[in-house]
Amino acid sequence: IFSGNGYEDAWVKEAERRGLLNLRSAPEAFPLLEKPENIELFKTHKVFSEDELHARTEILLENYFKTINIEALTASDMVKRDILPAVSSYVAELASGVATKKAISDDIPCEAELDIIKRLSGLQDCAYKKLAALDNAIIGVKEVGEDPIEVATYYKDSVITAMTELRAVVDEMETLVSSDYWPYPSYGDLMFRV
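Cut-off values and rules
Residues numbered from 1 in each chain as written. Predicted model: local features only at pLDDT ≥ 70, side-chain atom pairs only at ≥ 80, totals over all residues. Heavy atoms only, no water. Salt bridge = Lys/Arg side-chain N within 4 Å of Asp/Glu carboxyl O. Helix = DSSP H or I, 4+ residues; strand = E, 2+ residues; numbered from the N terminus. Buried < 20%, exposed > 50% of the residue type's maximum accessible area, 1.4 Å probe, protein only.

Peer 1: What is the right way to look at the pattern of salt bridges in this model?
Peer 2: Any two side chains of opposite charge can pair, so long as their charged atoms come close to each other. In total, this model carries 11 salt bridges according to the counting rule given. Residue E62 is joined to K66 by a salt bridge in which the shortest nitrogen-to-oxygen separation is 2.9 Å. One end of the pair is E62 and the other is K66, both in helix α4 (residues 50-104) and 4 residues apart, which spans about a single turn. Residue E62 is classed as partly exposed on the basis of its relative accessible area, which comes to 33%. Put simply, K130 and E165 hold a salt bridge, and the shortest N to O gap is 3.5 Å. Of this pair, K130 sits in helix α5 (residues 111-140) while E165 sits in helix α6 (residues 148-176), and the two are 35 residues apart along the sequence. We classify E165 as partly exposed; its relative accessible area is 38%. Through salt bridges with shared partners, a single ionic network connects E14, R17 and R18.

Structure below.
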């Protein structure tokens, strides 16, 4: 019995000590269905034939990478159509406010607005580059071939990584953009206002 947190490094060390596999992704786990001892187990108990196990493995892998593809395309679309335009609008609104204050008097402080404008502008450029990297990763799957394990591994290593990097930048922008401009409900909205 392991009473610790299965997500911490303590479990990784304990699993290794026990000689257990520590599979961290579907592309690592699904192909194990086709190990000879597993095929024999399923055949002996008349659960699945070898062909059925092969088909199930292929279906599981295909479902995995097709789901990630849909998520990646959705993320790309959300950032292109909603998030980047919302950030641009908010930055323009702040810049207009700064210009109005400066037109009245150069003595009116605008440090907060200018800081947010600079930060959001930098994050927006970063998000734009991360978005291009995600789009390239999505297109790059064409170079992988048709082997389901290789395609699933590509999605895990390239597409998920690109989505995660884009998400980190978008999450930071969300903390700086007014809720009046942000195109999606916040977690607080979802929990307390629905």
